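The lines below spell out each chain.
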Amino acid sequence: MDFNFINSAKMKRNFILILFFSALVHLSQAQKQPVDLLVYNAKIYTVDTDFSITEAFVVNKGLFVEIGNKDNLLSKYEPTIKTDAGGKAVFPGFYDPHSHFIGLGQMLSQCDLVGTSSFSEILKRLQVFASEHPESYWIIGRGWDQNDWDDKAFPNKSELDKLFPNKPVMLTRIDGHAMLVNSKAISLAKISKSTKIAGGDFEIKNGDLTGILIDNAMGMIRRVLPKPDESEQREIIRKAQAECLKYGLTTVSDAGINQSDIELLDKMHKDGSLKIRDYAMISIGLGNLEYFKKKGIIKTDRLNVRSFKLYADGALGSRGACLLEPYSDEPSKTGFLLTSENELDAYFGELIQTGFQVNTHCIGDSANRLVLDLYGKYLEGKNDRRWRIEHCQVVNPADVPKFGQFSIIPSIQATHATSDMYWAGDRLGSMRVKHAYPFEELKLQNGLLANGSDFPVEYVNPLFGFHSAFARQDAKNWPEAGFQLENALSREDALRAMTIWSAYANFEEKERGSIEKGKMADFVILDQDIMQAEPSKVRDIKVLKTFIAGEKVYEIMN
Ligand SMILES: [Zn+2]
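A few points on the structure. What you see is a predicted model, and the numbers here were worked out from it, not measured in a lab.

Let us now look at the overall build of the protein chain. Of regular secondary structure, the protein chain possesses 19 helices and 25 strands. Taken against the 2.2 N^0.38 rule, which gives 24 Å for 558 residues, the C-alpha radius of gyration of the protein chain at 27 Å falls within 12% of a compact globule. Projected onto its principal axes, the C-alpha positions of the protein chain cover 125 × 55 × 55 Å. For the protein chain, with 558 residues in total, the buried portion stands at 48%. Long-range contacts, defined as pairs at least 24 residues apart, comprise 72% of the intrachain contacts of the protein chain with a sequence gap of at least 6.

Okay, here's the thing in structure tokens:
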């Protein structure tokens with residue numbers, strides 16, 4: 001036999017086989033769909049209805065195309081970028097359904113007074129700030145909380161007047177419902193001892209203004225503040241965005257802003273300088289209602305303007321929350337309404353005729369009762385208008401079922417509970433505090449609630465609110481047994497409350513809030529699994545990467 005012949009025949013056959021298989025490979029590659037991104041080797045919490053967990057997904061043109069097994073996805077798709085998640089946990093992009101996004105940017109541009117242990121520390125920080133910003137005429141600070149000091153009485157303006165006789169000073173309290181100003185600011189705003197304002201208070205002691213202004217009184221100072229020009233305002237918004245992306249937030253909100261800010265957000269989205277998605281609630285005043293009633297809902301991929309924000313009352317810390325019975329630690333006070341019953345009634349009556357959602361700030365049990373009843377008068381029964389109550393902190397047990405009866409969405413901030421728990425009992429007394437921050441009870445009414453942070457009142461990091469919601473503990477993991485643990489959410493529900501349920505509260509659950517086919521590809525990769533981690537470790541978990549519409553918008557520096 002001719003061995004050469006056999007060899008060449010074998011080779012020929014092999015060659016033909018190779019040709020055949022390579023043609024096959026080519027053919028299958030030609031049939032593979034090109035896509036932008038494949039994320040694999042991940043533990044993906046989809047937060048779909050079954051709460052299913054998977055290992056890979058593909059993204060194209062900003063949307064999730066398919067979710068499932070890596071090999072299966074690779075047989076069908078040809079991704080431009082493959083991201084190995086290194087076995088890490090992946091979640092839908094986090095939501096903050098009640099925050100003050102532009103307010104955060106402003107705060108980042110002001111003197112930070114958060115976490116001070118005394119008023120003299122405030123004075124020191126202001127002096128440093130003033131020397132670092134010699135160009136600014138106004139000294140503006142935010143974030144003081146006298147409840148953190150040994151002396152828990154409100155501060156007054158006398159030391160500020162000594163330090164800054166010629167510069168106006170405005171220092172907003174942590175909750176945004178009180179401020180301390182100096183005499184220069186008072187004279188610029190033309191405030192006198194006899195000035196009165198509905199829904200506000202100018203504190204007077206020993207016959208003189210102390211410099212403490214509560215709620216609507218603060219508007220008189222804000223009116224004389226210099227307005228930032230567009231480039232300054234853009235810088236403020238960019239600072240806020242950088243801070244939010246760091247914590248995995250992909251949809252934030254502005255709980256009450258004006259037309260001009262809404263228009264700037266839209267402009268920045270369109271020119272690509274702003275990526276984060278914003279649920280902008282319209283402030284009811286300043287001509288906004290007339291303007292937006294005519295203009296109607298604004299909806300783009302990144303901006304959703306379809307709600308009005310109203311204030312029923314103030315905050316518990318400054319005793320501005322409107323209570324049914326007097327404050328336990330100041331029996332002459334029951335708080336007050338910032339918007340009268342007649343005005344609220346008229347606004348709701350007008351807004352029910354439009355497609356807009358109504359989101360009303362209610363902290364005290366009296367404010368909650370009033371607004372639930374007024375909402376009920378117009379909503380009549382079950383409905384899909386998704387009108388919200390923002391905060392719902394002190395709700396009389398008799399009023400809780402009204403959330404379900406009228407399909408009203410509780411928009412809560414779990415960190416308020418764990419920040420306020422140190423003194424909420426003083427304000428409310430031991431009986432009433434038992435019904436404060438009743439998150440689980442509220443959730444049961446419609447089977448969902450939205451959990452936000454109210455930043456910059458609280459910290460931006462949504463994992464703080466997630467931890468507070470299921471553990472009912474603060475950053476120090478106190479109290480050990482949890483604060484009124486009977487109203488804790490389960491960990492799963494706490495995750496839903498900052499993803500899919502928040503999306504629902506924003507009318508966005510069909511587009512976002514979970515990792516599902518056809519939804520917008522917003523997601524985060526974390527360095528640890530928040531669903532498995534020790535509760536005491538959850539607040540320290542870091543975001544490794546944040547994606548909006550499949551685009552990486554943040555990556556942690558090593
Ligand atoms: Zn707020």
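That covers the picture; the talk isn't over yet.
Grouped together as the largest cluster of nonpolar side chains are 159 residues, with contacts concentrated most on Val-90, Leu-213 and Ala-312. Here this core gathers at least three residues from each of two domains, domain 2 (95-99 + 227-555) and domain 3 (101-222). Beyond its immediate stretch of four places on either side in the chain, Ala-312 contacts Cys-322, Leu-337, Leu-338, Thr-339, Leu-344, Thr-360, His-361, Cys-362, Ala-367, Leu-370 and Val-371.

If you trace the four strands from one edge of the open sheet to the other, you get E5-E4-E1-E6, paired in mixed fashion. Among the strands making up the open sheet, the edge pair consists of strand E5 (63-68) and strand E6 (77-84). Neighbouring strand axes in the sheet, compared pairwise and without regard to direction, differ in orientation by 30° on average. Note: strand E4 (residues 56-60) against E5, five bridges, orientation antiparallel. Bridging from a neighbouring strand, Asn-60 pairs with Leu-63 of E5.

Okay, helix H17 (residues 462-471) next. A large share of H17 lies buried, amounting to ten of its ten residues. Inspection of H17 places Pro-462, Leu-463, Phe-464, Gly-465, Phe-466, His-467, Ser-468, Ala-469, Phe-470 and Ala-471 among the buried residues, and these make up the whole buried set. Buried-residue contacts for H17 involve strand E8 (94-95), strand E15 (249-257), helix H14 (414-420), helix H16 (439-446), strand E22 (450-451) and helix H18 (491-497). Once H17 ends, the next one or two residues include Arg-472, with phi positive near 50°.

Quick look at unusual backbone geometry now. Note that the residue after Phe-455, namely Pro-456, is joined by a cis bond; omega there is 5°. Geometrically, the link from Trp-478 to Pro-479 is a cis peptide bond, its omega value of -10° lying close to zero. Relative to the helices and strands, Pro-479 resides in the loop between H17 and H18. A positive phi angle, close to 55°, is found at Lys-190, a residue other than glycine. The topology assignment puts Lys-190 in the loop between helix H6 (183-188) and strand E13 (200-205). Within the chain, His-391 stands out as a residue other than glycine whose phi angle is a positive 95°. Relative to the helices and strands, His-391 resides in strand E20 (residues 388-391).

A separate point is the pairing of E13. Examined bridge by bridge, E13 and strand E14 (residues 208-215) share five bridges and lie antiparallel to one another. Looking at E14, one finds that Lys-205 is bridged to Asp-208. From the end of E13 to the start of E14, which pair antiparallel, there are two residues, and Asn-206 there has a positive phi angle of about 50°.

Another point: the environment of His-177. Note on placement: His-177 falls in the loop between strand E11 (169-173) and strand E12 (178-181). On the neighbour-count criterion, His-177 (25 C-beta atoms within 10 Å) is buried. Residues His-177 and Leu-213, 36 residues apart in the sequence, show an inter-C-alpha distance of 8.6 Å. Beyond its immediate sequence surroundings of up to four residues, His-177 is in contact with Ile-214, Asp-215, Gly-314, Ala-315, Ser-318 and Gly-320.

Before going further, it helps to examine the packing of helix H3 (residues 101-108) against helix H8 (residues 230-246). With their axes 7 Å apart at the nearest point, H3 and H8 run at an angle of 100° to one another. Relative to H8, the element H3 lies roughly perpendicular. Contacts between H3 and H8 pair Phe-101, Ile-102, Leu-104, Gly-105, Gln-106 and Leu-108 from the former with Ile-236, Ile-237, Lys-239, Ala-240 and Glu-243 from the latter. For the contact of H3 with H8, a count of residues per class yields seven nonpolar, two polar and two charged.

This part covers the sheet that holds strand E7 (residues 89-92). Ordered in space as E3-E2-E7-E23-E24-E25, the six strands form an open sheet in which the pairing is mixed. Two strands in the sheet have a free side with no partner beyond their single neighbour: strand E3 (53-54) and strand E25 (551-555). In the sheet, strand E23 (residues 523-526) pairs with strand E24 (residues 543-548) via four bridges, with the strands oriented antiparallel. Counterpart to Phe-523 in the pairing with E24 is Phe-547.

The description of two helices packed together rests on the angle between their axes and the distance between the axes. Viewed as axis vectors pointing N to C, helix H11 (residues 341-351) and helix H12 (residues 365-379) meet at an angle of 35°, and their least axial separation amounts to 10 Å. Two packed elements cross with a definite hand, and for H11 against H12 that hand is right-handed. Residue-level contacts link Glu-341, Leu-344, Asp-345, Phe-348 and Gly-349 of H11 to Leu-370, Val-371, Leu-374, Tyr-375 and Tyr-378 of H12. A breakdown of the residues in the contact of H11 with H12 according to their chemical character gives seven nonpolar, one polar and two charged.

What follows covers the environment of Ala-89. Within the fold, Ala-89 resides in strand E7. The spatial distance from the C-alpha of Ala-89 to the C-alpha of Gly-364 is 39 Å, given a sequence separation of 275 residues.

What follows is about the environment of Leu-171. Within the secondary structure, Leu-171 is located in strand E11. The class of Leu-171 is buried, set by 25 C-beta atoms lying within 10 Å. Taking the C-alpha atoms as reference, Leu-171 lies 27 Å from Val-394; in sequence the two are 223 residues apart.

Rules of the game
Residues numbered from 1 in each chain as written. Predicted model: local features only at pLDDT ≥ 70, side-chain atom pairs only at ≥ 80, totals over all residues. Helix = DSSP H or I, 4+ residues; strand = E, 2+ residues; numbered from the N terminus. Rg over C-alpha atoms; globule rule 2.2 N^0.38 Å. Buried ≥ 20, exposed ≤ 12 C-beta atoms within 10 Å, placed from the backbone. Contact = placed C-beta atoms within 7 Å. Core = buried A, V, L, I, M, F, W, Y, C linked by C-beta atoms within 7 Å. Domains from an automatic or database assignment. Pairing = 2+ DSSP bridges. Axes fitted to C-alpha atoms, helices over the stretch in contact; angles between N-to-C directions. Parallel < 35°, antiparallel > 145°, perpendicular 65-115°, else oblique. Nonpolar A, V, L, I, M, F, W, Y, C, P; charged D, E, K, R; others polar. Left-handed = near helix turned anticlockwise from the far one by under 90°.

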